[in-house]
Amino acid sequence: MKKKLIYIILISFISIMPLNTHAKTLQDLQSEVDKYTSDLQEKQAKLVKNKEEVQAVKNNIAKIETEISNTEKEISNLQQEINKCNEEIKKKTEEIKKIVAYYQIENGDNAYLEYAFGAETIQDMIYRVSITEQLAEYNNKVMKELQELIKQNVAKKAEMQIKKENLNTLKANLKEEQSKLEIEGRKIADSMPSVEEQIKAAKANVTYYKNLGCGQNEDINVCQNRIFRSRGGLLPSNGAFLRPLTSGTRRGCIGSYGGHIGCDIEANGDGTIYSIGDGYVIRVTKDNCSKSWCNYTCSGNANIVAVKYLAPNGKNIYVEYVHMSSVSVSEGQTVTKYTKIGYIGHTGCTSGHEAGGVYTHLHLEISACSWYPGGGCTYNGYLNNILNPLDYVSLGGNGSSWSTR
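No experiment lies behind these values; they were computed from the predicted model shown.

**A few points about the state of the cysteines**
Item 1. Applying the stated criterion to the full structure yields three disulfides.
Item 2. Between the sulfur of Cys-214 and that of Cys-223 lies a disulfide, 1.9 Å long from S to S. Given an S-S torsion of about -90 degrees, the disulfide between Cys-214 and Cys-223 has left-handed geometry. For the pair shown, Cys-214 and Cys-223 are each scored as buried.
Item 3. Here Cys-253 is linked by a disulfide to Cys-263, with a sulfur-sulfur distance of 1.9 Å. Handedness of the Cys-253-Cys-263 disulfide follows from its S-S torsion of about 115 degrees: it is right-handed. Here Cys-253, found in the loop between β1 (248–250) and β2 (263–267), pairs with Cys-263, found in strand β2; they are 10 residues apart in sequence, far enough to count as distant. Per residue, the accessibility class of Cys-253 equals that of Cys-263, and both read buried.
Item 4. Cysteine pairing in the protein follows 1-2, 3-4, 5-6, where each cysteine in a disulfide is numbered by its order in the sequence.

Set out below in structure tokens:
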């Protein structure tokens, strides 16, 4: 009974004023949602493929890093072997200087004679000369082998160095490819909300108008007017809208940085957020902007309240209050310009998280339609109908502060 009463109250407050969108029938909306669903499912498939491609590139990078590490170890081992061979050559050179005394005879050195003629017998002298020649020949042979090994190792080391440079180049190219794929993935994901959430909301919008009793070929705005007249409902009229905070400072608004579609407001004192005017709450929710969807290093789940208002110009607007730490209203509730919507916070994905800080603020977003049930458009339609909050609420210039609503 309570749910039914809330539903009747919600319907009874639908405005007689049309949405700021082109007239469309329920059939048009259904066709639009069907196509939108198909497009989103295609986007989802692309996103899955994109993630697979990113993972494949990451796997290749990991393999290359392992190969680079192994190559560096091999280069280090080769250098150690070269050093060892050089030490051995140095050692053999010293041995030859001591053993091969006949080289020294030509230089007038009598070391060989002292060794050779130190023999007590002719046989002993011949033996000593023979041993000396064999040792010299052997050491020369070993030195040549060591020098050849050094030559081979130096060549192999140079080859390994080239391989390492090529691997590093390949790794850099893969990193660039990974970056491009991740950027493409973020474009596909479109930050927030997820594909599943958009499809769910689009279908809920159609269901909303069907449950109102709209005919297939009846304009959904005309249908709302008909329901309004039959139930005597009235969306509270508004004078000029008030600021959502008693004391605050305006920060970046639309276009202040990439993708920003609202105004950020910091609290200077009491962080209570008030409704900017008289209207009714059409949605109380949390976004599902997980790390896989959001560009910032945060976990999503921002508290969001969407309220429908009748602006002084006679047109409907839909206002979203985002990032609140707590919410004080419920769906279907009528609000006035003195109703508390919630309390300022930093829930969800905000730029303050990117720098590791906490940016406590209210994100105020206004559109001519809403992608929530009863708002009459898809998420893309919502984005295409974004309005500048500064045209409705007096927030002053960037950095401006106030102490009264």
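**As for the pattern of salt bridges**
Oppositely charged side chains are able to pair whenever their charged atoms sit close together.
Item 1. Throughout the structure, instances matching the rule amount to six salt bridges.
Item 2. Between Glu-266 and Arg-251 there is a salt bridge, and its shortest N-O distance comes to 2.5 Å. One end of the pair, Glu-266, is in strand β2; the other, Arg-251, is in the loop between β1 and β2, with 15 residues separating them in the sequence.
Item 3. Relative accessible area serves as the criterion here: at 32%, Arg-251 is assigned to the partly exposed category.

**Thoughts on the environment of Gly-252**
Item 1. Mapping Gly-252 onto the fold places it in the loop between β1 and β2.
Item 2. Sequence separation between Gly-252 and Asn-398 is 146 residues, and the spatial gap between their C-alpha atoms is 6.5 Å.

**Topic: the sheet that holds strand β3 (residues 272–274)**
Item 1. The antiparallel open sheet is built from three strands, whose spatial order is β3-β9-β7. Each edge of the open sheet is held by one strand with a lone partner, namely β3 and β7 (326–327).
Item 2. As defined by bridge partners, β3 adjoins strand β9 (residues 340–343) across three bridges and the pair is classed as antiparallel. When the bridges of β9 are listed, Ile-273 appears paired with Gly-342.

Conventions adopted
- Residues numbered from 1 in each chain as written.
- Predicted model: local features only at pLDDT ≥ 70, side-chain atom pairs only at ≥ 80, totals over all residues.
- Heavy atoms only, no water.
- Disulfide = S-S within 2.5 Å.
- Buried < 20%, exposed > 50% of the residue type's maximum accessible area, 1.4 Å probe, protein only.
- Helix = DSSP H or I, 4+ residues; strand = E, 2+ residues; numbered from the N terminus.
- Salt bridge = Lys/Arg side-chain N within 4 Å of Asp/Glu carboxyl O.
- Pairing = 2+ DSSP bridges.

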